[in-house]
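# Breakdown of the fold
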Amino acid sequence: MAQTPNTWNDYVGDGVEDTFQVTFPYQKQREVFVTVDGAPAAFTFISAGWVQLAVAPASGAAIRVQRSTEAFEPQHEFANGVPLLPRFIDENNKQFLYVVQEVVNETAGVVADALSAAEGAVGIAQTASDKIDAAVGI
C-alpha cells in the first residue's frame, strides 16, 4: 500500500483556542480549508503554517484543517515559444503528487469505514446466529 502523509489535521475544540497548525505542504492558500463539525469555517492565515478561525470552536467540536489541491488543469501548460523552466515542471509535479496523496488518503478512509461496517455486520450476524441456535436448542 502506498505511504503518504496526511493531507489534513484533526483537532478537538476547547472553546478557547482559535489557531490551528497546517502541517502538510500546499501550493496555494486557497487550497486549504477548515471545517468545524463538518461545516465550512471562516479563517485567515496568520503564517504559512497556521490558520486562525473567526470564532473559537466550541468545546468538543471536531475541527479539520485540510488540503484540496486544484486539479482541473495543470498549473503550467507547455507550448512552442514558451520557456520550459524547471520551476514550472516542479510545480506541475507537486500538483500531481498532492492530488495523488489526497486520493490515497480519501480512499484509505473509505476502506477503513467499509471494514468497520463489515466488522459490525459480522458481529450482528453472529449475535443473530447465536439467538437462532439458542431458540432451536443447538
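This section reports on the structure supplied with the text. (Residues numbered from 1 in each chain as written. Predicted model: local features only at pLDDT ≥ 70, side-chain atom pairs only at ≥ 80, totals over all residues. Heavy atoms only, no water.)

### Examining the overall build of the protein chain
- Regarding its fold elements, the protein chain presents one helix and seven strands.
- When the helices and strands of the protein chain are placed in sequence order, the string is β-β-β-β-β-β-β-α.
- Computed over the C-alpha atoms, the radius of gyration of the protein chain is 22 Å, more than 25% above the 14 Å expected from 2.2 N^0.38 for a compact globule of 138 residues.
- Reported as C-alpha extents along the three principal axes, the dimensions of the protein chain are approximately 85 × 45 × 20 Å.
- Residues classed as buried in the protein chain amount to 22% of the 138 residues present.
- Excluding contacts between residues fewer than 6 apart, the proportion of contacts in the protein chain whose partners are at least 24 apart in sequence is 68%. (Helix = DSSP H or I, 4+ residues; strand = E, 2+ residues; numbered from the N terminus. Rg over C-alpha atoms; globule rule 2.2 N^0.38 Å. Buried < 20%, exposed > 50% of the residue type's maximum accessible area, 1.4 Å probe, protein only. Contact = heavy atoms within 4.5 Å.)

### Let's talk about the sheet that holds strand S2 (residues 19-21)
- Ordered in space as S2-S6-S5, the three strands form an open sheet in which the pairing is antiparallel. Taken across any chain shown, the strands that pair with only one partner, and hence form the sheet edges, are S2 and strand S5 (43-47). Taken over all neighbouring pairs, the strand axes of this sheet differ in orientation by 30 degrees on average, direction set aside.
- Here three bridges tie S2 to strand S6 (residues 50-53), and the two strands are oriented antiparallel to one another. (Pairing = 2+ DSSP bridges. Axes fitted to C-alpha atoms, helices over the stretch in contact; angles between N-to-C directions.)

### Things to note about a nonpolar patch on the surface
- A surface patch of nonpolar side chains, amounting to about 270 Å² of accessible area, comprises Phe78, Leu84 and Ile89.
- Residue position: Ile89 is located in helix H1 (residues 86-136). (Patch = residues over 30% accessible without salt bridge, like charges linked within 9 Å, V, L, I, M, F, W, Y side chains within 5 Å. Areas by Shrake-Rupley, 256 points an atom, 1.4 Å probe, with all protein chains shown as cover. Salt bridge = Lys/Arg side-chain N within 4 Å of Asp/Glu carboxyl O.)

### Quick word on the side chain of Asn92
- Tracing the sequence through the fold places Asn92 in helix H1.
- In terms of polar contacts, Asn92 uses its side chain to reach the backbone amide nitrogen of Gln75, at 3.3 Å. (Polar contact = N/O pair within 3.5 Å; in protein donor to acceptor, adjacent residues only side chain to side chain.)

### Some words on the sheet that holds strand S7 (residues 62-67)
- Spatial ordering of the open sheet is given by S1-S7-S3-S4, a layout of four strands whose pairing is antiparallel. The open sheet is flanked by strand S1 (8-12) and strand S4 (39-40), the only strands paired with a single partner.
- Where S1 meets S7, five bridges bridge the pair, whose relative direction is antiparallel. Across the sheet, residue Trp8 finds its bridge partner in S7, namely Gln66.

### Details of the environment of Gly15
- Within the secondary structure layout, Gly15 lies in the loop between S1 and S2.
- Spatially, the C-alpha atoms of Gly15 and Gly49 are 21 Å apart, while their sequence positions differ by 34 residues.
- In this structure, Gly15 is in contact with Ala56, Pro57, Ala58 and Ser59, ignoring residues within four places of it in sequence.

### Thoughts on the environment of Ala79
- The residue Ala79 is located in the loop between S7 and H1 in this model.
- Separated by 36 residues in sequence, Ala79 and Phe43 have C-alpha atoms that sit 38 Å apart.

Interpretation note: all reported values are geometric properties and have no functional meaning in isolation.
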